[in-house]
Amino acid sequence: MTIELGAGWSQQLNNELDAPYMRELLGKLDGLYESTTIYPDKSDIFNALDYTSYEQTKVVILGQDPYHGPQQAHGLSFSVQPGMKVPPSLKNIYKELESDIGVPAPDHGSLEAWARQGVLLLNTVLTVEAGKPNTHQGMGWELFTDAIIAALNKREHPVVFMLWGKNAEAKASAIHTDKHLIISSPHPSPFAARKGFFGSRPFSRANAFLTQVGSKPVNWSIPMLADLVSQ
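The present account deals with the structure reproduced in this document. (Residues numbered from 1 in each chain as written. Predicted model: local features only at pLDDT ≥ 70, side-chain atom pairs only at ≥ 80, totals over all residues. Heavy atoms only, no water.)

**Quick word on the pairing of strand 5 (residues 160-164)**
Phase 1 of the analysis: Within strand 5, 5 of the 5 residues are buried, which leaves it mostly tucked inside the rest of the structure.
Phase 2 of the analysis: Alignment of strand 5 against strand 6 (residues 181-185), held across 5 bridges, turns out to be parallel. Within the sheet, the bridge partner assigned to phenylalanine 161 lies in strand 6 and is isoleucine 182. (Buried < 20%, exposed > 50% of the residue type's maximum accessible area, 1.4 Å probe, protein only. Helix = DSSP H or I, 4+ residues; strand = E, 2+ residues; numbered from the N terminus. Pairing = 2+ DSSP bridges.)

Next comes the structure, spelled out in structure tokens:
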């Protein structure tokens, strides 16, 4: 599998891509894509890094692993391709978005509008076998996403890290909170959202911090599907 990252990420992660664990991981994935169904498509695995450059990143939303149903995952955490049914976790994100800052839910599940303005939609694991959540945990992706977090952590300009769920929260110890902001809460899944995700107000807190450090706040509103099609 050949990987081409954008200039900013390439500079930060080239050594990581050449690491033995990463070569082993990518070789294993090549075989798995041939023998079984893996999500997202090969061409979409690194979409989070393609849509949101290293320099542009101001918020990281960290999830677990990709959706494991057909035509859902497209390389952005919690996002599904336009036209697909909105998954339960994303419905809960939309509920919190409206409760927090009054932004109504769109009629689709694509979060590309966030990614295009500096929200890095990253999972801790970037691939999954169809119908089998968490099947690619422990294969090496965690080391790669650790490197992404480390690269952002050393950046001079502050970043907001939204860590949703235990897998994401495990990254917190690598983040310097004297510079960056961590907004940590349970996962927005139906099993956990009422245990602290609802009412965590991540969107208003992120924008308040970004304003405080001199960054442009995120416009969290998402265009409706008809507006996406007409663009």
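Now that the structure has been shown, we can carry on.
**Details of a positive patch on the surface**
Phase 1 of the analysis: There is a patch of like positive charges on the surface, built from Lys85, Lys91, Lys95 and Arg194.
Phase 2 of the analysis: You can see lysine 91 is positioned in helix 4 (residues 88-101). (Patch = residues over 30% accessible without salt bridge, like charges linked within 9 Å, V, L, I, M, F, W, Y side chains within 5 Å. Areas by Shrake-Rupley, 256 points an atom, 1.4 Å probe, with all protein chains shown as cover. Salt bridge = Lys/Arg side-chain N within 4 Å of Asp/Glu carboxyl O. Lys, Arg positive; Asp, Glu negative; His and termini not counted. Charge placed at Lys NZ, Arg CZ, Asp CG, Glu CD.)

**As for the packing of aromatic side chains**
Phase 1 of the analysis: Under the defined criterion, the tally for this structure stands at 11 aromatic pairs.
Phase 2 of the analysis: Where tryptophan 9 meets tyrosine 54, the ring centres are 5.2 Å apart and the plane angle is 75°; that geometry is what we call edge-to-face. Here tryptophan 9 is found in helix 1 (residues 7-17), whereas its partner tyrosine 54 is found in the loop between helix 3 (47-51) and strand 2 (59-63), with 45 residues between them in sequence.
Phase 3 of the analysis: In this structure tryptophan 9 comes out as buried when scored by relative accessible area, which is 1%.
Phase 4 of the analysis: Residue tyrosine 54 is classed as buried on the basis of its relative accessible area, which comes to 8%.
Phase 5 of the analysis: Seen in terms of ring centroids, tryptophan 164 and phenylalanine 197 are 5.1 Å apart; in terms of plane orientation they differ by 80°. Their pairing is edge-to-face. A residue pair is termed long-range when its members are at least 10 positions apart, and tryptophan 164 in strand 5 and phenylalanine 197 in the loop between strand 6 and helix 8 (202-212) qualify at 33 residues. (Phe/Tyr/Trp six-rings, centres within 6.5 Å; stacked < 30°, edge-to-face > 60°.)

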